[in-house]
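A look at the structure
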Amino acid sequence: MTDARRTLKVALLGCGVVGSEVVRLLHDHHGDIVSRVGADVELAGIAVRRAGRHRDLPVDPSLFTTDAAALVARPDVDVVVEVIGGLEPARTLLLTALHRGASVVTANKALLAEDGPTLYAAARENCADPH
């Protein structure tokens, strides 16, 4: 019997210290995450400044892109995780994702303090889930 489980596609914005750890956690705890979420979880892409830079991470190097705007605009991306920090381009990227109905995850205190109401309004208007 084939598992008809849905695949949840995740776009990661940033792959510094925090982003690298997100990648490792998604890889190392994949089974536990799948059982908790009830869907397979797959990285759709990772936006970075330098795509060709060597990173010792358990992912296909083709996932790295310098085009964050295209990554968050992809219709197959369900969740965007932002770990780049700062106001821009984080604000624009998250609003793009929210406007097309993707859920977003961020711990960007500066952005939430500056524009939290705007982000939450965009999430409500587009039935997205802000975390």
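Up top you'll find the structure we're talking about.
The paragraphs below set out a description of the structure included in this document.

Conventions and cut-offs
- Residues numbered from 1 in each chain as written.
- Predicted model: local features only at pLDDT ≥ 70, side-chain atom pairs only at ≥ 80, totals over all residues.
- Heavy atoms only, no water.
- Pairing = 2+ DSSP bridges.
- Helix = DSSP H or I, 4+ residues; strand = E, 2+ residues; numbered from the N terminus.
- Contact = heavy atoms within 4.5 Å.
- Axes fitted to C-alpha atoms, helices over the stretch in contact; angles between N-to-C directions.
- Buried < 20%, exposed > 50% of the residue type's maximum accessible area, 1.4 Å probe, protein only.
- Polar contact = N/O pair within 3.5 Å; in protein donor to acceptor, adjacent residues only side chain to side chain.

On to the sheet that holds strand β5 (residues 103–106), then. Spatially, 5 strands are ordered β3-β2-β1-β4-β5 in an open sheet, and the strand pairing comes out parallel. Edge positions in the open sheet fall to β3 (64–65) and β5, since each of these has one partner strand only. Bridge count for strand β1 (residues 7–13) against strand β2 (residues 40–47) is 7 bridges, and the pairing is parallel. Within β2, the position partnered with Val-10 by the bridge is Leu-43. Contacting β1 and β2, helix α2 (residues 30–37) runs over the sheet at an angle of about 115° to β2.

Before going further, it helps to spend a moment on the side chain of Thr-106. Within the secondary structure layout, Thr-106 lies in strand β5. Its relative accessible area of 13% is what places Thr-106 among the buried residues. Polar contacts involving the side chain of Thr-106 include one to the side chain of Glu-82, which spans 2.3 Å. At a separation of 3.0 Å, a polar atom in the side chain of Thr-106 contacts the main-chain amide nitrogen of Asn-108.

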